[in-house]
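The chain contents come next:
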Amino acid sequence: MSEPVFLSMPEHVAIIMDGNGRWAKQRGLPRAMGHRKGVEAVRETVRAAGDAGIKYLTLFAFSSENWRRPEAEVSDLMGLLKAFIRRDLAELHAQNVRIRIIGDRHSLRSDILNLLLEAEETTRDNTALTLVIAFNYGSRDEIARAMVSLAEDVEAGRLRAREITPELVNARLDTAGIPDPDLIIRTSGEERLSNFLLWQAAYSEFVFVPEYWPDFGRELFYAALEKFAARDRRFGGLSPQAAAVGT
Ligand code: FPP
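Note that the structure is predicted; figures quoted are calculated from it, not measured.

1. Quick notes on the overall build of the protein chain
Part 1: Along the backbone of the protein chain there are eight helices and six strands.
Part 2: Ordered by position in the sequence, the α and β elements of the protein chain form the string β-α-α-β-α-β-α-β-α-α-β-β-α-α.
Part 3: Scored against the burial criterion, the 247 residues of the protein chain give a buried share of 47%.
Part 4: Of the contacts made within the protein chain by residues no fewer than 6 positions apart, 77% connect residues no fewer than 24 positions apart.
Part 5: Carbon together with sulfur atoms contributes 52% to the accessible area of the protein chain, which is approximately 12,900 Å² in total.
Part 6: Side-chain charges in the protein chain split into 32 positive and 36 negative, and the spacing between the mean points of these groups amounts to 3 Å.

2. Side note on the pairing of strand 6 (residues 205-208)
Part 1: Residues E205 and V207 point to one face of strand 6 and are all buried, whereas F206 and F208, pointing to the other face, are not buried.
Part 2: Strand direction decides the pairing type here: strand 5 (residues 183-186) and strand 6, joined by four bridges, are parallel. Bridge pairing in strand 6 places I185 opposite V207.

3. Quick word on the UniProt feature "binding site: Mg(2+)" (unreviewed entry) in the protein chain
Part 1: Annotation from UniProt places "binding site: Mg(2+)" (unreviewed entry) at D18 and E205. Residues from the annotated list that form part of the lining of the largest pocket: D18.
Part 2: Relative to the helices and strands, D18 resides in the loop between strand 1 (12-16) and helix 1 (20-26).
Part 3: For D18, the residues in contact, after removing those within four places along its chain, are R186, T187, S188, E190, Y212 and W213.
Part 4: Residue position: E205 is located in strand 6.

4. Quick word on the site of the ligand
Part 1: In the vicinity of the ligand there are 16 residues, among which M17, G21, R22, R31 and R69 approach most closely.
Part 2: The contact in question runs from an oxygen atom of the ligand to an N or O atom on the backbone of G21, over 3.0 Å.
Part 3: Computed on the free molecule, the ligand has an accessible area of 630 Å², of which 92% lies beneath the protein chains in the complex.
Part 4: Put simply, the ligand lies in the largest pocket.

5. Re the environment of V46
Part 1: Residue position: V46 is located in helix 2 (residues 31-52).
Part 2: The sequence separation of V46 and E152 amounts to 106 residues, and the corresponding C-alpha distance is 38 Å.
Part 3: Contacts of V46, omitting those with residues within four sequence positions, involve L57, L59, L92, L129 and L131.

6. Topic: the nonpolar core
Part 1: The biggest cluster of nonpolar side chains holds 47 residues, and the ones touching the most others in it are I15, L57, F135 and F221.
Part 2: Broken down by element, this core gets its largest block of residues, nine residues, from helix 3 (residues 71-94).
Part 3: With residues up to four places along the chain from it excluded, the contact list for F135 reads A61, F62, M78, L81, I101, I102, G103, D104, L108, I112 and L116.

7. Regarding the layout of surface pockets
Part 1: Looking at the largest pocket, its volume works out to about 710 Å³.
Part 2: Along the wall of the largest pocket there are 30 residues; nearest its centre are M17, N20, F60, A61 and N66.
Part 3: Here the residues of the lining of the largest pocket sort into 15 nonpolar, eight polar and seven charged.

Thresholds, definitions, all that
- Residues numbered from 1 in each chain as written.
- Predicted model: local features only at pLDDT ≥ 70, side-chain atom pairs only at ≥ 80, totals over all residues.
- Heavy atoms only, no water.
- Helix = DSSP H or I, 4+ residues; strand = E, 2+ residues; numbered from the N terminus.
- Buried < 20%, exposed > 50% of the residue type's maximum accessible area, 1.4 Å probe, protein only.
- Contact = heavy atoms within 4.5 Å.
- Areas by Shrake-Rupley, 256 points an atom, 1.4 Å probe, with all protein chains shown as cover.
- Lys, Arg positive; Asp, Glu negative; His and termini not counted.
- Charge placed at Lys NZ, Arg CZ, Asp CG, Glu CD.
- Pairing = 2+ DSSP bridges.
- UniProt positions renumbered as here; feature names shortened; annotations may be inferred.
- 1 Å grid on protein atoms, 1.4 Å probe; cavity = no way out; pocket = protein on both sides within 12 Å on 5 of 7 lines; lining within 4 Å.
- Near = heavy atom within 4 Å.
- Polar contact = N/O pair within 3.5 Å; in protein donor to acceptor, adjacent residues only side chain to side chain.
- Sits in = over half its atoms within 2 Å of the grid points.
- Core = buried A, V, L, I, M, F, W, Y, C linked by side-chain atoms within 4.5 Å.
- Points joined across faces, edges and corners; volume = space filled by probe spheres on them.
- Nonpolar A, V, L, I, M, F, W, Y, C, P; charged D, E, K, R; others polar.

Below is the structure:
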């Protein structure tokens with residue numbers, strides 16, 4: 001199948017994968033089945049993004065607030081991420097996909113941390129799609145960690161407080177070196193950011209999709225790209241048409 005051509009293509013798409021539990025409930029299945037089906041949607045979306053020529057795809061896999069879920073569900077989600085990396089790493093590497101992890105690594109179990117580090121290390125020189133997995137991620141936590149790192153430099157005399165700029169803050173975030181998301185998609189009909197990429201989303205376009213995450217895939221992904229292509233992005237300035245007529 002030839003890939004659709006879009007008028008303007010986002011360089012970076014970030015997705016809040018929501019609705020696994022409701023997908024399962026609708027079918028009288030345990031929540032774990034929703035997460036399992038969710039991994040299949042992850043696979044299809046990663047392929048679709050690569051095929052469309054997207055450079056960065058960020059997936060919100062586990063938030064710093066998700067620890068509040070029942071222990072069995074947390075352990076299920078950890079197991080699924082581990083299985084995904086174990087099963088799919090070789091194929092992702094063969095597809096020239098680079099993996100990056102964002103989120104707080106310090107409190108992670110060593111088996112998970114080692115697997116994530118291995119995925120990053122194995123794929124570090126790959127140049128096609130960068131798959132950013134947000135794991136144990138919370139935006140306020142990320143910003144606070146960046147602030148601590150800057151404050152430590154000020155305390156040690158390496159930096160003066162007045163030298164702190166948005167660029168310097170950017171460089172201390174987990175997403176350092178990754179462009180801001182052009183498009184953020186959230187499935188399941190919810191319309192909020194839920195502590196995801198708060199700093200980076202300053203000029204992002206949003207597409208909210210009513211379908212639950214396990215039903216997401218190539219078709220809905222490309223439909224969201226089409227919606228993005230129809231948007232007029234001004235970044236606080238004027239559209240070229242408005243600027244031309246001086247209105
Ligand atoms: C939201 O559904 C989804 C999650 C909290 C986790 C997403 C994780 C996966 C799709 C699997 C592992 C990820 C990777 C990258 C392999 P929910 O449980 O909040 O659904 P609900 O709101 O309907 O209850």
